[in-house]
Amino acid sequence: MGLFSSLFQKEKEPAKTTTQTDIEPGTKREPTGSTSGNLTNGMRIDVTLKDGDYLLTGRVLELTQTTATLGRLPGELSFKTCPLNAEVRLSGYDKRLVPIFLNAVVEESNRTVFKVKDMKAEVHDETRENFRLPLTAPAFLYRKDDDHYRHPEDCQLVNISTGGCCVESEYVHSEDEVVRIRIKLEEYSPFNHIGQIVRCTERNGKFQYGILFAQLTEQEITSLNRMLFNLQMGMRQTLMKAEEGHWEGDPAVLEAERKR
């Protein structure tokens, strides 16, 4: 069976994906990592350049075992173009909330169509990397001792995952500094958390900070993953705030999604 025989499937015949609950009791979980989720037609995919810069977001129109063609999302204007044979990274979530990580080479790039070839699935140690969603949203940094969030520093979210985020700011901070961060994503209640700056870069007169979140609980990880999935898929009305720091799905919408 080839590398992509289990990666690409028809929507009506999803392959079984091994999860924590599928493992037989008493079976040792191998620490070798896990592959990406499953690509399907109609799926929303983010494309970034090899250096991590965001390029575009599109909808899968056609798939083969080694190529994918993306079209524009409803309501979106033109794509950014990219040189042919440039190396790019495709990422997203499948319907089971399994992250998708693919490396590929640009075969066609114009204002309305983006096609890649030579796709290869990445393998990730589960403790090493989380799916990062490119997302522009208001964010605020606070000093560690500002536990009442009284002195905000305006900044802009660049991307976010359950492990951390990247923000762009005009304020100067040092690497390894512990900060408080507040992020406002669409209509959801603000996400407040403590993090540590693990990377600092200067770009266009501003500073980009890579922030590692303090370890989230399993419930917080599930809630944040669900929120990012809904933002990724454009289903911004399917989550409702249940209590401080947590989100839960609209039962009617989630049940409809489960039956699809």
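Residues numbered from 1 in each chain as written. Predicted model: local features only at pLDDT ≥ 70, side-chain atom pairs only at ≥ 80, totals over all residues. Heavy atoms only, no water.

K.L.:
I'm lost on the overall build of the protein in this one. Help?
P.N.:
A count of helical and extended segments in the protein gives two helices and 14 strands. When contacts within the protein are restricted to residue pairs at least 6 apart in sequence, long-range pairs at least 24 apart make up 55% of them. Accessible surface, the protein as shown: approximately 15100 Å² in total, 49% of it carbon and sulfur. (Helix = DSSP H or I, 4+ residues; strand = E, 2+ residues; numbered from the N terminus. Contact = heavy atoms within 4.5 Å. Areas by Shrake-Rupley, 256 points an atom, 1.4 Å probe, with all protein chains shown as cover.)

K.L.:
Any chance you could explain the packing of aromatic side chains here in plain terms?
P.N.:
One pair of aromatic rings is described through two measures. These are the centre distance and the angle between the planes. Going through the model one piece at a time under the given rule, you end up with three aromatic pairs. Seen from their ring centres, phenylalanine 191 and phenylalanine 213 are 5.3 Å apart, and the 55 degrees between their planes marks the pair as tilted. Of this pair, phenylalanine 191 sits in strand S11 (residues 191-203) while phenylalanine 213 sits in strand S12 (residues 206-213), placing them 22 residues apart in sequence. Residue phenylalanine 191 is classed as buried on the basis of its relative accessible area of 10%. Measuring from ring centre to ring centre gives 6.2 Å for phenylalanine 207 and tyrosine 209, while their planes differ by 15 degrees; the resulting arrangement is stacked. Its relative accessible area of 22% is what places phenylalanine 207 among the partly exposed residues. For tyrosine 209, a relative accessible area of 1% puts it in the buried group. (Phe/Tyr/Trp six-rings, centres within 6.5 Å; stacked < 30°, edge-to-face > 60°. Buried < 20%, exposed > 50% of the residue type's maximum accessible area, 1.4 Å probe, protein only.)

K.L.:
Sorry, what's going on with the nonpolar core here?
P.N.:
Across soluble globular proteins, nonpolar side chains show a tendency to be buried alongside one another. Membership of the largest hydrophobic core comes to 28 residues, with the highest contact counts inside it found for Leu157, Cys165, Val167, Ile183, Leu185 and Ile211. Among the secondary structure elements, those contributing two or more residues to this core are strand S7 (133-143), strand S8 (153-160), strand S9 (164-169), strand S10 (178-183), S11, S12 and helix H1 (218-233). For this core, the element with the most residues is H1, which contributes six residues. Beyond its immediate sequence surroundings of up to four residues, cysteine 165 is in contact with Leu157, Asn159, Ile160, Ile181, Ile183, Tyr209, Gly210, Ile211 and Phe213. By size, the runner-up hydrophobic cluster in this structure holds 21 residues, among which are Phe79, Cys82, Ile100 and Met119. (Core = buried A, V, L, I, M, F, W, Y, C linked by side-chain atoms within 4.5 Å.)

K.L.:
Is there a simple way to explain the sheet that holds S11 in this structure?
P.N.:
For sheets, the rule is that strands pair by backbone hydrogen bonds, running either parallel or antiparallel. Strand order in the closed barrel formed by six strands is S7-S8-S9-S12-S11-S10, with antiparallel pairing between adjacent strands. Averaged over all pairs of adjacent strands, the angle between strand axes in this sheet comes to 45 degrees, irrespective of strand direction. (Pairing = 2+ DSSP bridges. Axes fitted to C-alpha atoms, helices over the stretch in contact; angles between N-to-C directions.)

K.L.:
Can you help me understand the sheet that holds strand S4 (residues 87-93) in this one?
P.N.:
With antiparallel pairing, the six strands of this closed barrel are ordered in space as S1-S2-S3-S6-S5-S4. Taken over all neighbouring pairs, the strand axes of this sheet differ in orientation by 45 degrees on average, direction set aside. As paired elements, strand S3 (residues 68-71) and strand S6 (residues 113-121) share four bridges and run antiparallel to each other. Within S6, the residue paired with glycine 71 across the bridge is valine 113.

K.L.:
Would you explain the layout of surface pockets in this entry?
P.N.:
Unoccupied space between atoms shows up once a probe the size of one water molecule is rolled over them. Taken as a whole, the second largest pocket holds about 1300 Å³ of empty space. Along its surface, the second largest pocket is lined by 46 residues, and Thr48, Asp53, Tyr54, Leu55 and Pro134 are the ones closest to its centre. Taken together, the residues of the lining of the second largest pocket sort by class into 18 nonpolar, twelve polar and 16 charged. (1 Å grid on protein atoms, 1.4 Å probe; cavity = no way out; pocket = protein on both sides within 12 Å on 5 of 7 lines; lining within 4 Å. Points joined across faces, edges and corners; volume = space filled by probe spheres on them. Nonpolar A, V, L, I, M, F, W, Y, C, P; charged D, E, K, R; others polar.)

K.L.:
Quick question: what am I supposed to make of the environment of isoleucine 211 here?
P.N.:
Mapped onto the elements, isoleucine 211 comes out in strand S12. Considering only alpha carbons, one finds isoleucine 211 and valine 167, 44 residues apart in sequence, at a separation of 7.8 Å.

K.L.:
Honestly, the pattern of salt bridges in this entry has me stumped. Any pointers?
P.N.:
Two side chains with opposite charge may pair up if their charged atoms get near one another. The final tally for this structure, using the stated rule, is five salt bridges. For arginine 143, the salt bridge goes to glutamate 153, with nearest N and O atoms at 3.6 Å. Separated by ten residues along the polypeptide, arginine 143 in strand S7 and glutamate 153 in strand S8 bring together distant segments of the chain. Of the residues examined, arginine 143 reaches a relative accessible area of 37% and is grouped as partly exposed. Overlapping salt bridges, with partners in common, bring together Arg143, Glu153 and Glu177 in one network. (Salt bridge = Lys/Arg side-chain N within 4 Å of Asp/Glu carboxyl O.)

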